Structures are given as C-alpha cells and as structure tokens.
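Structural characterization, general
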Amino acid sequence: MKVKIIGSNCKNGMQLYKMTTRAIESVGGDVQVEKLDDQNAIEKYGVKNVPGLVVNEKLVSQGKVLTQREISKILQ
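Residues numbered from 1 in each chain as written. Predicted model: local features only at pLDDT ≥ 70, side-chain atom pairs only at ≥ 80, totals over all residues. Heavy atoms only, no water.

**Focus on the sheet that holds strand 4 (residues 58-62)**
This is how it is decided: Strands were regarded as paired on the criterion that DSSP finds at least two bridges between them. Runs of E in the DSSP output that reach at least two residues are strands. Runs of H or I that reach at least four are helices, and both are numbered from the N terminus. Only the stretch in contact is used when fitting a helix axis, every axis being a line fitted to C-alpha atoms; angles between N-to-C directions are given from 0 to 180 degrees.
Reading across the sheet, the four strands line up as 2-1-3-4 and stay open at both edges, with mixed pairing between neighbours. Edge positions in the sheet fall to strand 2 (32-36) and strand 4, since each of these pairs with one other strand and no more. This sheet shows a mean twist of 20 degrees between the axes of neighbouring strands, independent of strand direction. Relative to strand 4, strand 3 (residues 52-55) runs antiparallel, the two sharing four bridges. When the bridges of strand 4 are listed, V54 appears paired with L59.

**Description of unusual backbone geometry**
Our working definition: We call a residue buried when its accessible area falls under 20% of the maximum for its residue type, exposed when it is over 50%, and partly exposed in between, using a 1.4 Å probe and counting protein chains only.
The linkage connecting V50 with the following residue, P51, adopts the cis geometry, with an omega of 5 degrees. Locating P51 in the fold gives a position in the loop between helix 2 (39-45) and strand 3. We note that N56 has phi near 50 degrees; this positive angle belongs to a residue other than glycine. For N56, the location among the structural elements is in the loop between strand 3 and strand 4. Backbone geometry places E57, a non-glycine residue, at a positive phi of 70 degrees. With respect to the helices, strands and loops of the structure, E57 is situated in the loop between strand 3 and strand 4. On the accessibility criterion, E57 (43% relative accessible area) is partly exposed.

**Some words on the packing of aromatic side chains**
Note the cut-off: For this analysis, a ring pair means two rings from Phe, Tyr or Trp (six-membered ring only for Trp) whose centres lie within 6.5 Å, classed as stacked if their planes differ by under 30 degrees, edge-to-face if by over 60, and tilted for the remaining angles. A ring is considered to have a charge above it if a Lys NZ or an Arg CZ atom is located within 6 Å of its centre and within 35 degrees of its normal.
Following the criterion strictly, the structure yields zero aromatic pairs and no others. Positioned over the ring face of Y17 is K35, at 4.5 Å from the centre of the ring.

**Here's the deal with the nonpolar core**
Put simply, the rule reads: Here the nonpolar core consists of buried residues drawn from Ala, Val, Leu, Ile, Met, Phe, Trp, Tyr and Cys, with membership extended through side-chain atoms lying within 4.5 Å.
Ranked by size, the top nonpolar core spans 11 residues in total: V3, I5, L16, M19, A23, I24, L53, V55, L66, I71 and L75. Among the elements that take part in this core, helix 1 (residues 11-27) stands out by supplying four residues, more than any other.

**Describing the environment of L53**
Using the following cut-off: Whether two residues touch is decided by their heavy atoms; if any such pair falls within 4.5 Å, the residues are in contact.
Position of L53 among the secondary structure elements: in strand 3. The spacing of L53 and Y17 is 36 residues in sequence and 9.1 Å in space, taken between C-alpha atoms. Setting aside residues up to four positions removed in sequence, L53 forms contacts with V3, K4, I5, L16, T20, K58, L59, V60, S61, L66, I71 and I74.

Have a look at this one:
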C-alpha cells in the first residue's frame, strides 16, 4: 500500500503526517509513506485544499487533519 501526504510542508500537513505514521504503526502491514509538497502533485491528484491524503493513488481526504482512528479505518 502506498500513502502520500500532499502539502506536507505546512503545519496541518506535518500533523497529518504524524497521525498517518501512528495509524500505520497500529494497523501494521507493508505501507510506504511519501511526503509531496510540489505544485505538480497538488494538480495531479486534484487537491483543492492542503493537506491531502492519497491512498493507492486515490485522493481520500483534503483540507483537514484526520485523526489516527479515521486514518486507520481508511487503511484497513
């Protein structure tokens, strides 16, 4: 599974990255996390509000910081 944090250089992006890594630790499995902060990534995934969370090339959240529990549900 591949997870990408879009807009990871802002405060909310860093918080989303932190929550995502915690969720991955609790769920386990083979998950790769990538942080992207360039305009090309924002346009490619159609993110209108950062931060965005992309799982397996699909935008699942944007514009808010999800909780660890919410991210765990998405990853399962």
